[in-house]
Amino acid sequence: RNFANKIWNASRFVLMNMGDEAENLEGKTLSAADKWILTRLNDTIREVSAHFEDYDLGLAAQKIYDFIWAEFCDWYIEMAKSRLNGDDGAAKANVRAILVHVFSNAMKLLHPFMPFITEELYQSLPGAEETIMRAAWPEYDGALEFPAEAATMEGVMDLIRAIRNVRAEMNVPPAKRVSMTLVAHASDAAAMEEASPYIMKLGGAERVQVQLDKAGIPENAVSVVGQLAEAFIPL
């Protein structure tokens, strides 16, 4: 019941931000978050298909469940909101294309397990075929595989989790926004700059500053160490 409610709300979010015509991925400029979710969709398609071939239906169901709930809903949709609420029309079109592509393929993967709700939600998407039952099964697409960018995004997500844990341990209310400094290596600084809007939204920061050294950081700042950067949060 909870999972059905989750995907129903995800479909409402996707449709709420759609235009009248279906967006496609052709010619779109992809962000690190876009490349991460497309890579994870590719991985999920490959894994679910392999489990079906081996008749490991429980594993197939678990893979698609985890992808939809933990990765698409809990992470990508939250990361997409800042661009959808912004003023950049091209960025909005990019996110809409990713949302439709990922959600429609997720519904096809889930259809053997939950046929009625997936048919209903698939039919509501712009550009949907007559019925999901006759839609082609999703296939792995090497052109949508971005391992380096996906690994970087995983590092950003690990840092956000660590920041959330520290805030919870110190009883900082979720609504309390703080200024945050990220100290990154020169090779990772550009990636952290791009990820700063996600860290602000999901890590509870009102401002994120990326720098290459610890200059100007207060002595009483709490340190959170991640794979790509060290975050300093002033007490």
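Here is what the cut-offs are and how they apply
- Residues numbered from 1 in each chain as written.
- Predicted model: local features only at pLDDT ≥ 70, side-chain atom pairs only at ≥ 80, totals over all residues.
- Heavy atoms only, no water.
- Phe/Tyr/Trp six-rings, centres within 6.5 Å; stacked < 30°, edge-to-face > 60°.
- Helix = DSSP H or I, 4+ residues; strand = E, 2+ residues; numbered from the N terminus.
- Buried < 20%, exposed > 50% of the residue type's maximum accessible area, 1.4 Å probe, protein only.
- Lys NZ or Arg CZ within 6 Å of the ring centre and 35° of its normal.
- Contact = heavy atoms within 4.5 Å.

Observations concerning the packing of aromatic side chains
Then comes step 1: Applying the stated criterion across every chain, the model contains 7 aromatic pairs.
Then comes step 2: Ring geometry for Phe-3 against Trp-69: centres 6.2 Å apart, planes inclined by 10°, an arrangement best described as stacked. Highlighted residues: Phe-3 in helix α1 (residues 2-16) and Trp-69 in helix α3 (residues 57-84), separated in sequence by 66 residues.
Then comes step 3: Here Phe-3 falls in the buried class, since its relative accessible area comes to 10%.
Then comes step 4: The exposure class of Trp-69 is partly exposed, given its relative accessible area of 23%.
Then comes step 5: Cation over ring: Arg-164 sits above Trp-75, and NZ or CZ is 5.4 Å from the ring centre.

Some words on the environment of Lys-214
Then comes step 1: Note that Lys-214 resides in the loop between β2 (205-211) and β3 (222-225).
Then comes step 2: Apart from residues lying up to four places away in sequence, Lys-214 is in contact with Val-183, Glu-230 and Phe-232.

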